[in-house]
Amino acid sequence: MGKIFIADDEKNIRDLLGKFLADAGHEVELFENGNALLDKLEKDIPDIVVLDVMMPGIDGFTACSKIRKSYPDITILLLTARDTDADFMTGFTAGCDDYLTKPFSPLKLTLKVNAILNKLGKTENEKQTGIKSFGDISLEDASFSCKVRGDEIKLTKTEFQVLSLLLTTPEQAISRDKLLLDIWGYSEVETRVTDDTMKRLRKKLKDAGSTAHIETIWGFGFKLTLSEAV
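A brief structural summary. Just so you know, these numbers come straight off a predicted model, no measurement behind them.

## Observations concerning the layout of surface pockets
Size it by volume and the largest pocket reaches roughly 570 Å³. As for the largest pocket, its lining consists of 27 residues, and the residues nearest its centre are P72, K154, L155, T156 and K204. Elements supplying a minimum of two residues to the lining of the largest pocket: helix 3 (60–70), helix 4 (85–94), strand 8 (145–148), strand 9 (151–153), helix 6 (157–168) and helix 8 (192–207). Among the elements that take part in the lining of the largest pocket, helix 8 stands out by supplying 4 residues, more than any other.

This is the structure:
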């Protein structure tokens, strides 16, 4: 069971979500705007934050960005009626881990939350003291640290888990379905979740000057490989 913070200016929505999650056994706290949630984070840290995008005061995108910078281990879910590619890119660039478009089923959100918490629990239980390495990348699961040529690069928890999975079988393709199941804990999710995560990871590896890159295997998935220039 986990601790969930929900910020939505529509009382009927936040009350409904709160009831579903509480009935599932989670500890839930509700907020009518992002400012109130951010204030609470200074005193208490949840496992998951659920943010509506369109709220008075600070909007969900801005709140997401602030949370990601200050609390990188919190899983962030965005809720919105806006579903354009630009909106998805804004959300993932701000650091969200997943994106649900309205209208959606409260049961579906509850199942996603359960899956995320199950995955987080497995991650905590399966931490290893060893270091995975490939090319100039080294990844230490125990400390959630990633280094390229000895210099640490900052990754979100989801980005770290994706890279860690790719590092288990470098130069071998991992299917999109396996990524969705192992990282997000479910298979019914927009493909842009994996695509945007890979896009961010590619940029971070490139900006760090790594010789490793993530290759898309069209129609199947992704693999971690070394550039031909090495």
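## Observations regarding the side chain of T225
Residue placement: T225 occurs in strand 12 (residues 221–226). Polar side-chain contacts of T225 include one of 2.7 Å to the side chain of E171. Not counting residues up to four positions away in its chain, the partners in contact with T225 are F134, E171, T211, A212, H213 and E215.

## A short note on the nonpolar core
Of all hydrophobic cores here, the largest spans 49 residues; its most connected members are L37, L51, I67 and L163. Look past the residues within four positions of I67 in its chain and what remains in contact with it is L37, L38, L41, V49, L51, P72, I74 and I76. The next biggest cluster of nonpolar side chains, apart from the first, holds 15 residues, and it includes I13, L17, V50 and L109.

## Observations concerning the sheet that holds strand 11 (residues 212–217)
Strands sit in the order 10-12-11 across an open sheet of 3 strands; the sheet is antiparallel. Single-partner strands in this sheet number two, and they are strand 10 (174–175) and strand 11. The pairing of strand 11 with strand 12 spans 6 bridges and is antiparallel. Across the sheet, the residue bridging to A212 is L226, located in strand 12. Together, strand 11 and strand 12 form the strand contacts of helix 8, whose direction differs from that of strand 11 by roughly 155°.

## Description of the sheet that holds strand 4 (residues 75–80)
Taken in spatial order, the 5 strands of this open sheet run 2-1-3-4-5, and their pairing is parallel. Only two strands of the sheet have a single neighbouring strand rather than two, namely strand 2 (27–31) and strand 5 (98–101). Strand-to-strand twist in this sheet, taken as the mean axis angle between neighbours without regard to direction, amounts to 20°. Sheet analysis places strand 4 next to strand 5, joined by 4 bridges and oriented parallel. By the bridge assignment for strand 5, L79 is matched with L100. Against the sheet, helix 4 contacts strand 4 and strand 5, and its axis sits at roughly 145° relative to strand 5.

How each quantity is defined
- Each chain carries its own residue numbering, running from 1 in the written order of its sequence.
- With pLDDT at 70 or above as the cut-off, local features in this predicted model cover only qualifying residues; side-chain atom pairs require 80 or more to be listed or tallied, and sums for whole chains, interfaces and linings still use all residues.
- Values shown for side chains rest on all heavy atoms present in the structure; no hydrogens or waters enter the calculation.
- The definitions used throughout rest on a 1 Å grid laid over the protein atoms alone, on which a cavity is an enclosed set of points accommodating a 1.4 Å probe that cannot get out and a pocket is an open set flanked by protein within 12 Å on both sides along at least five of seven lines; lining residues are those having an atom within 4 Å of a point.
- Grid points are joined across faces, edges and corners, and a volume is the space filled by probe spheres set on the points.
- A run of H or I in DSSP becomes a helix once it reaches four residues, and a run of E becomes a strand once it reaches two; helices and strands are each numbered from the N terminus.
- For the purposes of these results, a polar contact is taken to be a pair of N or O atoms within 3.5 Å, where, inside protein, one atom must be able to donate a hydrogen and its partner to accept one; residues adjacent in sequence count only when each atom of the pair is a side-chain atom.
- By definition in these notes, contact holds between two residues if any of their heavy atoms fall within 4.5 Å.
- Residues belong to one nonpolar core when they are buried, are Ala, Val, Leu, Ile, Met, Phe, Trp, Tyr or Cys, and are joined through side-chain atoms within 4.5 Å.
- Relative accessibility decides the category of a residue: with a 1.4 Å probe and only protein chains considered, values under 20% of the type maximum give buried, values over 50% give exposed, and everything between is partly exposed.
- We treat two strands as partners when DSSP finds at least two bridges between them.
- Here, axes are lines fitted to C-alpha atoms. For helices the fit covers the stretch in contact, and angles between N-to-C directions go from 0 to 180 degrees.

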